[in-house]
Amino acid sequence: MKDSLVLLGRVPAHPDSRCWFLAWNPAGTLLASCGGDRRIRIWGTEGDSWICKSVLSEGHQRTVRKVAWSPCGNYLASASFDATTCIWKKNQDDFECVTTLEGHENEVKSVAWAPSGNLLATCSRDKSVWVWEVDEEDEYECVSVLNSHTQDVKHVVWHPSQELLASASYDDTVKLYREEEDDWVCCATLEGHESTVWSLAFDPSGQRLASCSDDRTVRIWRQYLPGNEQGEVHYLSCRGGMQRLLTQWKCICTLSGFHSRTIYDIACLTGALATACGDDAIRVFQEDPNSDPQQPTFSLTAHLHQAHSQDVNCVAWNPKEPGLLASCSDDGEVAFWKYQRPEGL
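Residues numbered from 1 in each chain as written. Predicted model: local features only at pLDDT ≥ 70, side-chain atom pairs only at ≥ 80, totals over all residues. Heavy atoms only, no water.

**Quick word on the UniProt feature "repeat: WD" (unreviewed entry) in the protein chain**
- Mapped onto this structure's residue numbering, the UniProt feature "repeat: WD" (unreviewed entry) falls at residues 22-43, 57-89, 101-142, 146-177, 190-221 and 305-345.
- The span residues 146-177 carries 0% helix and 50% strand; its end-to-end C-alpha distance comes to 9 Å.
- In residues 190-221, helix accounts for 0% and strand for 53%; the two terminal C-alpha atoms are 9 Å from one another. (UniProt positions renumbered as here; feature names shortened; annotations may be inferred. Helix = DSSP H or I, 4+ residues; strand = E, 2+ residues; numbered from the N terminus.)

Right, here's the structure in full:
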């Protein structure tokens with residue numbers, strides 16, 4: 001299994017500090033990393049090597065926990081333990097902090113852009129999820145504060161093609177939100193994990209949502225209409241246009257027994273999952289092609305026991321180059337890997 005995930009290189013991204021999170025820009029040419037040193041670094045290639053192109057150091061006073069690129073690739077959002085979110089504008093090779101979003105009472109744990117680029121979501125230790133609207137003049141306004149969780153909210157992620165938002169929490173649940181009648185509401189609660197849900201990832205099609213947890217399991221959820229096991233989507237006409245009928249999410253697969261400690265992050269490709277674990281390992285799971293899509297099975301196809309010297313905090317697939325995976329760790333390093341799908345899968 002080791003041969004299916006090959007190390008391409010490592011960089012000391014955040015020396016003497018934890019590296020918390022990674023995000024590829026939409027073109028797959030730049031990688032943003034953030035860490036406990038309060039800095040964001042932008043990485044790009046020069047020949048066969050990865051080099052630091054920019055250091056963003058003036059925006060935050062405490063740990064930077066998450067970063068996210070806008071769909072156009074011209075903006076980077078960063079969420080910090082200083083309770084703020086910074087918006088950075090890319091100007092050729094430089095970045096300028098153009099807006100600082102305030103309002104959360106405690107550490108901001110995650111930030112994510114909607115696929116349209118017109119909405120931004122943040123979440124916090126204060127148990128809330130905020131939805132921000134971005135206008136044509138790059139002004140940001142909080143349009144909804146969602147208090148559905150009862151504990152620290154760890155992660156937010158948008159559906160790849162719809163304005164559907166998901167959040168993961170210390171309360172062991174996943175929540176989904178959508179806009180209804182000019183307000184945002186919680187439209188589903190996914191229960192099943194037995195401890196903190198650390199991270200979420202939609203697959204590229206948006207038909208599935210993967211979650212990972214302190215309970216050392218990965219769960220894969222799929223959306224259905226009540227009583228409809230085929231996952232069909234129906235609409236009805238109503239005043240103001242077409243409205244999606246109420247749907248429900250069901251767990252269709254649980255991966256257990258593979259991880260010995262907390263799973264901190266998960267990244268999805270079509271038919272493949274990568275996980276970042278507190279046991280210093282990276283694992284890749286491939287969907288078995290002959291399994292039932294309604295009840296899929298996955299095989300462990302790569303397991304690097306010591307991918308890093310400390311906890312692995314994040315894994316991120318490159319959006320353009322097939323099989324290129326980046327990871328980061330408490331050891332402060334970012335590593336680049338090439339995944340090759342085993343023959344027969």
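**A few points about empty space enclosed by the protein**
- Using the criterion set out here, one finds two cavities of 30 Å³ or more in the structure.
- Put simply, the largest cavity is a space of about 90 Å³.
- In terms of lining, the largest cavity is formed by D203, R208, A210, I220, C268, L269, G271, A272, L273, E287 and F298.
- Of all the secondary-structure elements, those providing two or more residues to the lining of the largest cavity are β19 (208-213), β24 (263-269) and β25 (272-277).
- Across the lining of the largest cavity, the residue classes tally to seven nonpolar, one polar and three charged.
- Taken together, W20, F21, R65, K66, W198, Y264, D265 and N313 form the lining of the second largest cavity.
- When contributions to the lining of the second largest cavity are tallied by element, the ones reaching two or more residues are β2 (19-24), β6 (64-69) and β24. (1 Å grid on protein atoms, 1.4 Å probe; cavity = no way out; pocket = protein on both sides within 12 Å on 5 of 7 lines; lining within 4 Å. Points joined across faces, edges and corners; volume = space filled by probe spheres on them. Nonpolar A, V, L, I, M, F, W, Y, C, P; charged D, E, K, R; others polar.)

**Observations regarding the sheet that holds strand β13 (residues 140-146)**
- Read across the sheet, four strands follow the order β10-β11-β12-β13 without closing on themselves; strand pairing throughout is antiparallel. Across the chains shown, the open sheet's two edge strands, defined by having one partner strand only, are β10 (108-113) and β13. For this sheet, the mean inter-axis angle between neighbouring strands, taken without regard to orientation, is 20 degrees.
- Two strands pair when backbone bridges link them, and strand β12 (residues 129-134) and β13 are joined in this way by six bridges, in the antiparallel orientation. Looking at the pairing, W132 lines up with C142 of β13. (Pairing = 2+ DSSP bridges. Axes fitted to C-alpha atoms, helices over the stretch in contact; angles between N-to-C directions.)

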